[in-house]
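# Remarks on the overall topology
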Amino acid sequence: MELQYDGEGTPFVMWGENHIQLERMPITEKEYLEKAEKELRETPEIVEKAVAELREMLRKDTSLFVPLQDDNYLMKFLRPSKFHPESAFKRIQAYYKFRQSHESYCSNLVPTAVKPAFDHSIISILAPRDQHGRRIMLVESGERWQPRLVPLSDVFRGVQLALESAMSEPRTQVNGVIVLMDMKGLSFSQVMQFTPSFAKMVVDWIQDCIPIRLKAVHIVSQPYIFNMLFAIFKPFLREKLRSRIFFHGSDKQSLLTHVDPKALRKRHGGLLPEPEITGDVLWKMLHHYEENFKVANSYGHVSNNNKR
């Protein structure tokens, strides 16, 4: 399965009848516009006021270098904050503080620097949206993950890059993301890669920093040893996130009560045709936007040497 390009040079891939690409165009679908208004308070009047107030807050914060005049950038943080500018401002501050505090995981987040996780198909977001319009990110951290070839740090960097790309999509900003974690073949040696400090870092990033609506995490094909891994993360989970984690094991019907089979691979009980889209195809799509990622990496605290 190969990447194709439309008349404007935008990369896409066909999976059965599905035309899949990064959807950076404005929202026009009535159902999504209604959902944005109902769930996020997104009306023209509220948007205009929130954008102006957030822009002014950022203008006064001279410690941050961000694209003040870019409404798309501001909307990326305002939507998951339901257009409360104070909340969006705090999220921006936390987001860049995290990137500064964990520079080894967050610097140079561009496709060319995080290729291994995609080469081994550990991470993929190339699938049709689910029945609620949510992006689906698949993380295969079981038998496909070989830590000696792809260190845990590279897996996390790949996850960041994949979600960064999803965050740029207005439809995903409104509808959110679900994560499917396939733990088939998880081994003791893999579990030993995780430490409490790493678990806390990841959970803090999800709960307090990343501007995205994480609607569910589905764990499938987990062996008994997974309980040891989850125990490392559990103390740091607040109730909101904990309530959105679902464990399905080998019960495919359990997963299908949450996710439409049209958006799932056959091995997860879905109807998507073979062959699957491999991680390297996703990487090629993201690589098309390499310069955009470089620009995004230039934002943040002005004291950070990685900026400007």
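Anyway, here's the lowdown on the structure attached to this text. Every chain's residues receive numbers from 1 upward, in the order its sequence appears when written. Side-chain atom pairs in this predicted model are given and counted only at pLDDT of 80 or more, local residue features only at pLDDT of at least 70, and totals for whole chains, interfaces and linings cover all residues. Based on all heavy atoms of the structure, the side-chain values leave hydrogens and waters out of the count.

What follows is about the packing of aromatic side chains. Any two of the Phe, Tyr and Trp rings considered here, Trp counted by its six-membered ring, make a pair once their centres fall within 6.5 Å; the pair's planes then place it as stacked at under 30 degrees, edge-to-face at over 60, or tilted in between. This structure, assessed with the given rule, holds 15 aromatic pairs. Taken together, the ring pairs in this structure connect Tyr105, Trp145, Phe156, Phe194, Phe198, Trp205 and Phe233 into an aromatic cluster. Whether a charge lies above a ring is judged from NZ of Lys or CZ of Arg, which has to be within 6 Å of the ring centre and within 35 degrees of the ring normal. Lying across the ring of Tyr289, Arg24 places its NZ or CZ 4.4 Å from the centre. Here the guanidinium or amino end of Lys115 rests over the ring plane of Trp283, the centre of that ring lying 4.8 Å away.

Only the contacting stretch of a helix is used when fitting its axis, a line to C-alpha atoms as for every element, and angles between N-to-C directions run 0 to 180 degrees. To qualify as a helix, a DSSP run of H or I must reach at least 4 residues; to qualify as a strand, a run of E must reach at least 2; elements of each kind are numbered from the N terminus. Put simply, helix 2 (residues 44-60) and helix 4 (residues 85-101) touch, their axes get as near as 9 Å, and they point 40° apart. Between helix 2 and helix 4, the interaxial angle falls into the category oblique. Relative to helix 4, helix 2 is oriented so that their crossing is right-handed. Note on element contacts: helix 4 touches helix 2 through Pro85, Glu86, Ala88, Phe89 and Ile92, opposite Ala50, Glu53, Leu54, Met57 and Leu58. Residue polarity follows a fixed list, in which Ala, Val, Leu, Ile, Met, Phe, Trp, Tyr, Cys and Pro are nonpolar, Asp, Glu, Lys and Arg are charged, and the others, Gly among them, are polar. Residue composition of the contact of helix 2 with helix 4, by class: 8 nonpolar, no polar and 2 charged. For classification, angles of less than 35 degrees are called roughly parallel, those exceeding 145 degrees roughly antiparallel, those between 65 and 115 degrees roughly perpendicular, and all remaining angles oblique. Take the far helix as the reference: if the near one is turned anticlockwise from it by less than a right angle, the crossing is left-handed, and if turned clockwise, right-handed. By the convention used here, residues are in contact when the closest approach between their heavy atoms is within 4.5 Å.

Omega for the bond connecting Glu274 with Pro275 falls within 30 degrees of zero, at -10°, which places this linkage in the cis form. Summarising the element assignment, Pro275 is placed in the loop between helix 13 (252-256) and helix 14 (279-287). The phi torsion at Lys82 lies on the positive side, around 55°, for a residue other than glycine. You can see Lys82 is positioned in the loop between helix 3 (71-78) and helix 4. One non-glycine residue, Asn108, lies in the positive phi region at around 55°. Relative to the elements of secondary structure, Asn108 occurs in the loop between helix 5 (103-106) and helix 6 (115-119).

Side chains of residues three or four places apart in an α-helix project in the same direction, reflecting 3.6 residues per turn. Between buried and exposed lies partly exposed: a residue is buried under 20% and exposed over 50% of the maximum accessible area for its type, with that area taken using a 1.4 Å probe on protein chains only. Within helix 14 the residues assigned to the buried category are Gly279, Val281, Leu282, Trp283, Met285 and Leu286. Buried-residue contacts for helix 14 involve strand 2 (11-15), strand 3 (18-20), helix 6, strand 5 (123-124), helix 7 (152-167) and helix 15 (290-297).

Right, let's talk about the pattern of salt bridges for a bit. Every case where a carboxyl oxygen of Asp or Glu lies within 4 Å of a side-chain nitrogen of Lys or Arg is listed as a salt bridge. A full pass over the atoms with the stated rule returns 21 salt bridges. Between Arg79 and Glu42 there is a salt bridge, with the nearest N and O atoms lying 2.8 Å from each other. Linking Arg79 in the loop between helix 3 and helix 4 with Glu42 in the loop between helix 1 (30-40) and helix 2, this pair joins segments that are 37 residues apart in sequence. For Arg79, a relative accessible area of 9% gives the class buried. For Glu42, a relative accessible area of 16% puts it in the buried group. Put simply, Glu169 and Arg129 hold a salt bridge, and the shortest N to O gap is 3.5 Å.

None of this, on its own, says anything about what the molecule does.
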